[in-house]
Amino acid sequence: MTVYGNFPGSRPRRLRTTPAMRRMVAETRLDPANLILPAFVREGITAPVAISAMPGVQQHTLDTLRKAAVDAVSAGVSGIMLFGVPTDEKKDARGTAGTDPDGILQVGLRAVREEVGDDLVVMSDLCLDEYTDHGHCGVLTADGRVDNDATLERYAEMAQVQADAGAHVVGPSGMMDGQVGVIRDALDQTGHEDVSILAYTVKYSSAFYGPFREAVGSSLKGDRKTYQQDPANARESLRELALDLDEGADMVMVKPAGPYLDILAKVADAVDVPVAAYQISGEYAMIEAAAEKGWIDRDAAIMESLTGIRRAGAQMILTYWATEVAERLCRS
């Protein structure tokens, strides 16, 4: 062959020759400490209930929730995000089970804190949708619209009871304007200055939430497009980000993760606070379903998807594979 000048003096493939070489020069590293486990605790069950659209994920009893928390600690996972699933009889128009000190989420928070103390960052979903009979994330007006400011009052109450129950971090996910500021004030005024806020800063109205609706027993009819973000928009994410930071967010999140890596990268580049991304139920279900069909390598696809989210700028990743992946990373 004819050699032109110093070609091929520069060979990037030299740095890909062996697994050890690739590991040494990897630009992005995934660590168990990057991972947060979302978990569902359901009222009124005596055994865990499998979620059909999310193979391997279940609605927990208090006992199995405690075990999941212990397993997460043992694997090196950093946090657990709890979602409560009340009985249908407890749901009403104002989501009162969400602010009941003895509501299922508050009971679950106390159980996890009793089990693992401060060894795991215990987080709570702060939203009304699991507890309302209409399935929306807030209080409705007479004509069926979500009333932003009336909902903020309910969020302030939720923040207090969740903090009282032991949450280290509250995660307001309802996408109400002003929610971070109202929650920060409520926490500070009730002696919970040390409780952090992980703001669901960027939360798109996504087709990928489907399996989650089963997971929380959602009563939703219609959609949430009047308060969650339009998938066509990018610039408004930075506006939401600026508002949440101004209102006192300690950490910010992009949700979903995979379809919005461009938004995640923009957010990560713009801030000096920790950034999270939520690999949601539909992202999980797609990989599990394709793997079950034999169409993809399950383990490789999981790791690639998480590495992509990390590479885009997420320091924390909420993923239903958190404990499994953390254990795998510890073995590697």
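Here, every reference points to the structure presented above.
Described in the following lines is the structure provided in the data block. (Residues numbered from 1 in each chain as written. Predicted model: local features only at pLDDT ≥ 70, side-chain atom pairs only at ≥ 80, totals over all residues. Heavy atoms only, no water.)

**A look at the overall build of the protein**
Along the backbone of the protein there are 11 helices and 10 strands. A compact globule built from 332 residues would reach a C-alpha radius of gyration of about 20 Å, and the protein, at 21 Å, matches this within 12%. A principal-axis box enclosing the C-alpha atoms of the protein has dimensions of 80 × 45 × 40 Å. Within the protein, the proportion of its 332 residues that are buried is 52%. For the protein, restricting intrachain contacts to residue pairs at least 6 apart in sequence, the fraction spanning at least 24 positions comes to 74%. Of the roughly 15300 Å² of accessible surface on the protein, 50% is carried by carbon and sulfur atoms. Of the side-chain charges in the protein, 33 are positive and 49 negative, and the distance between the mean point of each set is 10 Å. (Helix = DSSP H or I, 4+ residues; strand = E, 2+ residues; numbered from the N terminus. Rg over C-alpha atoms; globule rule 2.2 N^0.38 Å. Buried < 20%, exposed > 50% of the residue type's maximum accessible area, 1.4 Å probe, protein only. Contact = heavy atoms within 4.5 Å. Areas by Shrake-Rupley, 256 points an atom, 1.4 Å probe, with all protein chains shown as cover. Lys, Arg positive; Asp, Glu negative; His and termini not counted. Charge placed at Lys NZ, Arg CZ, Asp CG, Glu CD.)

**Section: the environment of A301**
You can see A301 is positioned in helix α10 (residues 298-311). Residue classification places A301 among the buried positions, given a relative accessible area of 18%. Put simply, A301 and E236 are 65 residues apart on the chain and 31 Å apart in space, counted from C-alpha to C-alpha. Those residues in contact with A301 that sit more than four places away from it in its chain are I287 and I296.

**Section: the nonpolar core**
Most often, soluble globular proteins have nonpolar side chains that are buried together. Counting 96 residues, the largest nonpolar core has F40, I80, Y155, Y278 and V325 as the members making the most contacts within it. Each residue touching V325, except ones within four places of it in the same chain, is listed here: L30, L35, I302, M303 and L306. (Core = buried A, V, L, I, M, F, W, Y, C linked by side-chain atoms within 4.5 Å.)

**Section: α10**
Taking 1.5 Å of rise per residue, the 14 residues of α10 would be expected to cover 20 Å, and the 20 Å separating its terminal C-alpha atoms lies within 8% of that figure. Listing the buried residues of α10 in full gives A301, I302, M303, L306, G308 and I309. (Expected span 1.5 Å × (residues − 1).)

**Section: the packing of aromatic side chains**
Summed over all chains, the structure comprises 6 aromatic pairs. Between the aromatic rings of Y278 and Y320, the centroid separation amounts to 6.1 Å while the plane-to-plane angle is 50°, which identifies the pairing as tilted. Taken together, the residues span a long stretch of sequence, with Y278 in strand β9 (residues 275-278) and Y320 in the loop between β10 (316-318) and α11 (322-331) at a distance of 42 residues. The pair Y278 / Y320 is uniform in exposure class, with both members buried. With a centroid separation of 5.8 Å and 75° between ring planes, the pair formed by Y284 and Y320 is classed as edge-to-face. (Phe/Tyr/Trp six-rings, centres within 6.5 Å; stacked < 30°, edge-to-face > 60°.)

**A short note on the side chain of Q279**
Among the structural elements, Q279 can be located in the loop between β9 and α9 (281-292). A distance of 2.9 Å separates a polar atom in the side chain of Q279 from a polar atom in the side chain of S305. Sequence-distant contacts of Q279, that is, excluding residues within four places in its chain, are made with A257, S305, L306, I309, L318, T319, Y320 and W321. (Polar contact = N/O pair within 3.5 Å; in protein donor to acceptor, adjacent residues only side chain to side chain.)

**Re the side chain of T201**
Examined against the element boundaries, T201 turns out to sit in strand β7 (residues 196-203). Within polar-contact distance, the side chain of T201 engages the side chain of D244 at 2.7 Å. The residues touching T201, leaving out its near neighbours within four places in the chain, are M175, Q229, S237, E240, L241, D244, V252 and M253.

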